[in-house]
Amino acid sequence: MSYVSCRCTSRSRFAVVSLSLGSRIEKTVVRNRFIESTPLSHHEESEPESTPSAGAPLRVSCRSPVYFVVYSHRCWSFTPVKMSAEAADREAVTGSRPSTPPQTSWFEFLLDPSLLEQHLQKSNPDPSPVQLVIQFLEQASKPSVNEQNLVQPPVDNRRNRTLKLLALKVAAHLRWDLDVLEKGLTIPVLNMLLNELLCVSKVPPGVKHVDLDLSTLPPTTAMAVLIYNRWAIRTIVLSSFPEKQAKPGPHQLNMINLVQQEKELTENILTVLKEQASDSIMVLEGALNIKKDFYIHTLHTLDLLAAGPSTANGETESSTAGLRISADELHCQVHYDLGGIYFQQGCSDPSAYEKAQEHFCKTRELLTKLSSDPLHCHLDEKRLAGYWNACRALTGSSDPSDSQLTPYGLINNLIKTQNYQGLIDAFIKDNVTHSLPNNFRHSVQLELLHRVQQGDRALEEVCHKLCLCNAVHDALEGQVLSVRFQQLLLKPSANTISFLLEVCTKSLDKEHTSETSRRKMALFLKNLCERLEEVPLAYMVSSHKLFMELLTDEEKKTLLDQMRKRSATVNLSAKPLPSFYDIPASASVNIGQLEQQLILSLDARQIRQILIELHGIAERSFWRVNSKWEVPSDYINVILAIKDNLTRDLVYILMAKGLHCVNIKDFVHGRQLFTACLELVTEFSPKLRQVMLNEMLLLEVRAHEAGASEGNAERPPPDLVSRVRGYLEMRIHDIPLRQVVGEECVAFMLNWRENEYLTLQVPTALVNNNPYIKLGQLLAATCKELPGPKESRRTAKELWEAVVQICSVSSQHKRSSDGRVSLIKQRDSSLGILPRSKFITFVKKLREPLVLTTLISLFVRLHSIVRVDIVNEVTAEHLSIWPSSLANIQAVDVEAVAVTVKELVTYALTLNPNNQSWLITQADIYFVTNQYSAAMHYYLQAGTVCSDYFTKPVPPDVYTDQVLKRMIKCCSVLNCHTQVAVLCQFLREVDYMTAFKALQEQTSHDSMDSFYQYIWDVTILEYLTHIHHKRGEIEKRQVAIKAIGQTELNSSNPEEVLQLAAQKRKKKFLQAMAKLYF
């Protein structure tokens, strides 16, 4: 780049620019182009606000080709700035090259609506489609600043809506190919794009996708839901794969905060996606039952949406004019994606492998029916084949048609039948045929080694023999020998060397072995002989027949001379090591293999040994080897401040692996890794020592809570309770503390009813500084005084005010004009002691019934106050302790309250599905939101749990008149009118008006006369007889007459007999209803 200076010389309506670059002079007429992303159209018809005065210098950045915009009716002459000869030559060479067309800017597509389609039709558009999506969404999501300099959410105006629509059009051009979008877009950007697709497709806001009936939605709307949920489970699967962490270069150091923010945003999105994974799976499995074709949005349908949004609802042009996708093609893609998520879940739930195999089987079947170039189905057939083989191996299913033909099937069958000698023979045979990939052979060895680490010591010898077979195979392939083989040679037995020589002999086919393979084997035996420090073992190798055949006379003579000179020394490194710190490094091996061993190992001593070897090979940081090794940001600075590279790597990796073990509930290995790390840091860092003590406390708390969730009701040991109290009262300065530790400790105290301590003994300063302790104290104080006199409502009011603030929206956050809410977006308020998302996370760590009942009661009352559009109220226990009104109801986020109360009750029922109060509350929530079938399910379930499946009468405080009337309303809306009539008898005073009105309905979706046997009220039966006679329904009239003619319903019977007849019919009716709704 060069610079020229220019001066205004005269006034004129046209301008000619004279440039001097080195020795070359050009004259160029000024063209209508852009400078610094400013469109010329902004300046074509008006003068700019200010222009340089005559004679004033102006510096312009020049590129080739050079374009200038004339801002006023003046002409400029340009005088070159003095350049060096070298720079002038470089500019001359650059100027002689053909000009590159300038990249199209994002705003040009705003100015010309037809430009996008023209641009996308190019063979190699610049910018690419994926880059365009990023630019459009980046511009549309830029925050604004108001007059008070407060950052506001992006404005919902025509410009931003158009930019989002352009991004959707680009994705439509790509046919919503998730493979392409996932490769080019980050998770936050793709999440934003697909949420915009949901909004544009008119997916009902505030309703879970699992509650939608896809078969009744417009085709493009249903397809939008499917694309989003496909992306959700694919993202979960992709996030579980290890990836190489990018090393920050010198130019990226200033961007570390932006990278960290994007990483945190990605983690938040992944957390929500994982929480909703089961819902996404149910949505996609439901789509497999839809046999009709689907439609996806195209550029044309998106243009229709922009022209008239009202056409997006129903079977209209915009919903059926899209690209048609056949049901087989969509089902094939969905089966493949579901197979991937089930396979990923198989690590924690082995039964998921069977489901994965079923879906991959369906994928293979449907794939044969599709054309060679399907429109929407894009899957990796090699990966599908790999998944298929893995599922068959893991589930133990065999297919005689091909298991005998493939080496994989043979190996898997040998492992399944525990024919380990056959497995060893197969590995030796493969050393000749080389039909198995190297990584597969090593994976088999690692699998058996894992079983040994789990306690199956009988397989230890098998693992050693497989390791020797793999070492010979690696030698013949020219690969570097594995770490485990090197460790075996530290102190081998005579049997080990004998078996190794046997494998070497059998691995060479005398008739067909190439000279290269013979030379590699000779080199392997020579290195083996040099490596063995015990002279008798070395002579055992050198005297073997294969050794004598393969090595030259010169090599044999040299080796024999070395062995004679070798003195009998003791191999100190092979002695048992009493201390964790005295492990020596073994021989140098390939860094890649060592890093792989480092990733897989959970043994602290082995981790240290591998790190010693790695640092002996290369002086660099190895804590970056695996991007999945994550240490909390609170600890990173303390760990990275350790000066010794080896110690820093060891502390980081031990802590990261320990934290991972705790997260997957592998508390045994986590405890071992943390103990080793504590032993290491105690000698040089009191700060890190306290950090490790805190993490070990968190481990013990989670281990005990995990046991309690599995049914272990044993109280925690006093020592653990004392340590938790000590942590809550800790006042050591300069110690990095993770909030999650305090959060778990407070939840632990609440779960074990340590209310006295939380309300009376926690220091006041600690309560004010830690929001979790403050929340725990309010919950403990409220629960402690339940039920109590009116004076006890003071603590309940404090808890109420704290929760209301958590659910309030701060003033700088405003709703968008159309009220749309992203599925991922959280409206966390800065007004409360906690953001709502963290509050929900904390609540889901609680399992004490009284605490959960209190929170459910609070949110039910808050829900009834803020949801002015709901007439019916949700019932719960202890509603009377909460205020009945709110001073600032407009500040409360109504959507957040509605979502929270649903999540809270659903979570509580996962802990105790037999709590009748929670079941009634859940049923009421579904009732007030017009989900009547689900409401009936939970009303009946509440009756079931308190009556032993209706073998006993349901207590009247469970089936109150209000509950029964709601059940009647549910049945009425569902057009089950005979059920309505039966339920009207359950009321304290039979509601004849409702019953008669229901029986007058001629169309009913229940069994009608089959329910007459459950009616015991004679008046209702007489009315039935009359109405059927009036309609001429003879058969139904006979059923009613038969029911009324039963002797036990005679009005002359004693009251006890009539009550017994009523109870008998109630029981049978409710059992029949349960079969319908469960």
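Look up: the structure comes first, before these words.
Remember, it's a predicted structure, so these values are computed and weren't measured experimentally.

A. Structural context of the overall build of the protein chain. Per the secondary structure count, the protein chain includes 49 helices and nine strands. The buried share among the 1078 residues of the protein chain stands at 46%. Here the analysis covers contacts within the protein chain between residues at least 6 apart in sequence; of these, 70% occur between residues at least 24 apart.

B. The packing of helix α8 (residues 219–239) against helix α13 (residues 327–345), seen in detail. Two numbers describe how α8 lies on α13: the axes approach to 9 Å, and their chain directions differ by 30°. Here α8 is positioned roughly parallel relative to α13, judged by the angle of their axes. Between α8 and α13 the crossing geometry is left-handed. Contacts between α8 and α13 pair M223, L226, R230, I233, R234, I236 and V237 from the former with L330, Q333, V334, D337, L338, G340, I341 and Q344 from the latter.

C. Just helix α7 (residues 187–200), in detail. Between its first and last C-alpha, α7 extends 20 Å over 14 residues, near the 20 Å set by a 1.5 Å rise per residue. Counting buried residues along α7, eleven of its 14 residues qualify, which places the element largely inside the surrounding structure. Where α7 is concerned, the buried positions are P188, V189, L190, N191, L193, L194, N195, E196, L197, L198 and V200.

D. Spotlight on the environment of E754. Looking at the secondary structure, you find E754 in the loop between α34 (739–751) and α35 (755–761). In this structure E754 comes out as buried when scored by relative accessible area, which is 14%. With 30 residues separating them in the primary sequence, E754 and K784 have C-alpha atoms 10.0 Å apart. Beyond its immediate sequence surroundings of up to four residues, E754 is in contact with R715, V721, R725 and M749.

E. Focus on the side chain of R1065. In this structure, R1065 sits in helix α49 (residues 1055–1077). Polar contacts involving the side chain of R1065 include one to the side chain of Q1046, which spans 3.0 Å. Ignoring any residue separated from it by four or fewer positions in sequence, one finds R1065 in contact with Q1013, Y1014, I1015, W1016, Q1046, E1048 and L1049.

F. Summary view of the packing of aromatic side chains. Across all of its chains, the model carries 21 aromatic pairs by this definition. Centroid distance F343 to Y387: 5.1 Å. Interplanar angle 65°. Geometry classified as edge-to-face. Taken together, the residues span a long stretch of sequence, with F343 in helix α13 and Y387 in helix α15 (residues 381–395) at a distance of 44 residues. Ring pairing ties together the aromatic residues Y336, F343, Y353, F360 and Y387, which thus form one cluster. The cationic tip of K465 hangs over the ring face of F499; the distance from NZ or CZ to the ring centre is 5.1 Å. A cation sits over an aromatic face here: R847 above W752, 4.7 Å from the ring centre.

G. A look at the packing of α7 against α8. In contact at an axis separation of 9 Å, α7 and α8 are set at 160° when each is read in the N-to-C sense. Between α7 and α8, the angle is such that the two are roughly antiparallel. Of the two elements, α7 crosses α8, and the hand of that crossing is left-handed. Contacts between α7 and α8 involve I187, L190, N191, L194, N195, L197 and L198 from the first element and A224, V225, I227, Y228, W231 and T235 from the second. Looking at side-chain class alone, the contact of α7 with α8 contains ten nonpolar, three polar and no charged residues.

H. Examining helix α23 (residues 515–531) more closely. Its 17 residues give α23 an end-to-end C-alpha distance of 24 Å, which sits within 8% of 24 Å, the value for a rise of 1.5 Å per residue. The complete set of buried residues in α23 reads M521, A522, F524, L525, L528 and C529. Taken around the axis of α23, the buried residues stretch over an arc of 160°, which confines them to a single face.

I. Region of interest: the side chain of N694. Position of N694 among the secondary structure elements: in helix α32 (residues 686–709). Accessibility expressed as a relative area gives 3% for N694, which makes it buried. Once you skip the residues sitting within four places of it in the chain, N694 turns out to touch Y727, M730, I735, L737 and V741.

J. Just the pattern of salt bridges, in detail. The tally for this structure, following the rule as stated, stands at 29 salt bridges. Put simply, K164 and E196 hold a salt bridge, and the shortest N to O gap is 3.9 Å. A residue pair is termed long-range when its members are at least 10 positions apart, and K164 in helix α5 (residues 158–173) and E196 in helix α7 qualify at 32 residues. Of the charged contacts, one joins E1048 and R1065 as a salt bridge, the two residues approaching to 2.7 Å between their closest N and O atoms. Of this pair, E1048 sits in the loop between α48 (1034–1044) and α49 while R1065 sits in helix α49, placing them 17 residues apart in sequence. The exposure class assigned to E1048 is partly exposed, which follows from its relative accessible area of 22%. What makes R1065 buried here is its relative accessible area of 4%. Here the salt bridges share partners, and the residues they tie into one network are D179, E182, R230, R234 and D337.

Conventions adopted
Residues numbered from 1 in each chain as written. Predicted model: local features only at pLDDT ≥ 70, side-chain atom pairs only at ≥ 80, totals over all residues. Heavy atoms only, no water. Helix = DSSP H or I, 4+ residues; strand = E, 2+ residues; numbered from the N terminus. Buried < 20%, exposed > 50% of the residue type's maximum accessible area, 1.4 Å probe, protein only. Contact = heavy atoms within 4.5 Å. Axes fitted to C-alpha atoms, helices over the stretch in contact; angles between N-to-C directions. Parallel < 35°, antiparallel > 145°, perpendicular 65-115°, else oblique. Left-handed = near helix turned anticlockwise from the far one by under 90°. Expected span 1.5 Å × (residues − 1). Polar contact = N/O pair within 3.5 Å; in protein donor to acceptor, adjacent residues only side chain to side chain. Phe/Tyr/Trp six-rings, centres within 6.5 Å; stacked < 30°, edge-to-face > 60°. Lys NZ or Arg CZ within 6 Å of the ring centre and 35° of its normal. Nonpolar A, V, L, I, M, F, W, Y, C, P; charged D, E, K, R; others polar. Arc of directions from axis to C-beta. Salt bridge = Lys/Arg side-chain N within 4 Å of Asp/Glu carboxyl O.

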